[in-house]
Amino acid sequence: MITTTLTVTTSTTSYPVIVGAGILSNLADYLAECALRGTAWIVADEHLTAIADQTAAHLTAAGYRVHTTTVPSGEQSKSFGELNRLYDWMIEHGIERRDVVLALGGGVVGDLAGFAAATILRGVALVQIPSTLLAMVDAAVGGKTGINHPLGKNLIGAFHQPRLVLADTNLLATLPARELRAGWAEVIKHGVIRDAELFDALETLAATQRWHADNPATWDATDPALTGELTNIIARAVAVKVDVVSRDEFERGERITLNYGHTIGHAIEQLLGYRLLHGECVAIGMDAAARIAVALGICPPALVERQRNLLAAYGLSTALPADLDRSAILTLIGRDKKVQAGNVRWVLPTAIGQVVVRADVPLAVVEAVLAG
Ligand SMILES: NC(=O)c1ccc[n+]([C@@H]2O[C@H](COP(=O)([O-])OP(=O)(O)OC[C@H]3O[C@@H](n4cnc5c(N)ncnc54)[C@H](O)[C@@H]3O)[C@@H](O)[C@H]2O)c1
Ligand SMILES: [Zn+2]
């Protein structure tokens, strides 16, 4: 079994992030190594019920007391209602301070169960077991947890670092192809912002054309060689997040670079009423950000082409949807959470593997880029 162990180290804590194919079958050993011996509270996405049951059986056999619940799939589960249900479930069944919450699912379950773990009894241990590519390379690492408020996404939350993250790439076998592709956008983003070798590896993999012919950027998960190669690539992408979070736990500086492609991406996501997936919007936003960098003269035009080709190879379009109101994007950008003191802070590439943060991008440049 190929596994990569990374370590998040912040000023307050340190924890392992393990990436591998099939590692979930060793969960009990990993928990013991992290000195997590209390009752296990598995919170699973409804699409992972079978995996949750297997996991519960595995932990029970290893001597753990286990409770399991499932959460309805979708963003609407990051709600007060669902959070309350988890609190009721935990309190009614007698959760204790030494227990551990296991979040098994994508970013929705990770954020929701993570916030429950952060707040129940003033905080219990959390283990993230991400089941989407996006959650593996992004959401599960870094300690941001939370739910949505009717007036906006992710407005209620807490930093609560997990004690362990287990990214088992075998879980991706059942992930819908579109969700997988949306995750590739974040993987490619990590290459562009910090790891040119990761970008190269993604290009090489794309060139070998071992994808399912009818479903770009998905692969035959029963091919162990290919799964191994992909697991290594995913581990490299996770390493970028691990590295950035280790340097900037509370998003005071460098962590903003992870928002590459997100300024315009978030605006598109909102304007289209979430018709496109987050990663699909980020791909469009990355293309726009790179073109802004070219317009400012800080980035070679060839980067735009290379990035576009790679995104396309992973099934991602970079075209702004035709029906999108360009001026509404500009209005929304002004309200983006990365706005500091009235200026949008743009994360812009200068080369593959390198970005700068600029707060002085003229509105006219953004307008021109959005106009195509
Ligand atoms: N905390 C953070 O730092 C952070 C970072 C990025 C995103 N997020 C949050 O993450 C959320 C998005 O996460 P996501 O993209 O993982 O989406 P998600 O959790 O909604 O999962 C996507 C879909 O895939 C299904 N699914 C998940 N794993 C599966 C599997 N292995 N097999 C079959 N189906 C599966 C889910 O049921 C869902 O329908 C958003 O709420 C976002 O705000 C948080
Ligand atoms: Zn993102």
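Look above for the structure.
Residues numbered from 1 in each chain as written. Chains lettered and ligands numbered in written order. Predicted model: local features only at pLDDT ≥ 70, side-chain atom pairs only at ≥ 80, totals over all residues. Heavy atoms only, no water.

Colleague: Lay out the layout of surface pockets with the relevant residues and their values.
Modeller: There is about 190 Å³ of room inside the second largest pocket. Around the second largest pocket, the lining residues are Gly22, Leu24, Ser25, Ile51, Gln54, Thr55, His58, Asp168, Asn170 and Leu171. Considering each element in turn, the lining of the second largest pocket owes the most residues, four residues, to helix α2 (residues 49–61). Residue composition of the lining of the second largest pocket, grouped by class: three nonpolar, six polar and one charged. (1 Å grid on protein atoms, 1.4 Å probe; cavity = no way out; pocket = protein on both sides within 12 Å on 5 of 7 lines; lining within 4 Å. Points joined across faces, edges and corners; volume = space filled by probe spheres on them. Helix = DSSP H or I, 4+ residues; strand = E, 2+ residues; numbered from the N terminus. Nonpolar A, V, L, I, M, F, W, Y, C, P; charged D, E, K, R; others polar.)

Colleague: How would you explain the side chain of aspartate 45 if you had to name every residue and give the values?
Modeller: Position of aspartate 45 among the secondary structure elements: in strand β3 (residues 40–45). A distance of 2.8 Å separates a polar atom in the side chain of aspartate 45 from the backbone nitrogen of histidine 47. In this structure, aspartate 45 is in contact with Thr70, Val71, Ser73, Leu104, Gly105 and Val109, ignoring residues within four places of it in sequence. (Polar contact = N/O pair within 3.5 Å; in protein donor to acceptor, adjacent residues only side chain to side chain. Contact = heavy atoms within 4.5 Å.)

Colleague: Let's hear about the coordination of the zinc ion (ligand 2): which residues, and what values?
Modeller: Around the zinc ion (ligand 2), the protein contributes the donor atoms Glu186 (OE), His262 (NE2) and His278 (NE2), at 2.0 to 2.1 Å from the metal centre. When the donors of the zinc ion (ligand 2) are listed by position in the chain, the intervening gaps give E-x75-H-x15-H. In this pair, glutamate 186 sits in helix α6 (residues 177–194) while histidine 262 sits in helix α9 (residues 262–271), placing the two residues 76 residues apart along the sequence. Pair check on accessibility: glutamate 186 and histidine 262 agree, each one buried. (Donors = N, O, S within 2.8 Å, 3.2 Å for Na, K, Ca; no water. Buried < 20%, exposed > 50% of the residue type's maximum accessible area, 1.4 Å probe, protein only.)

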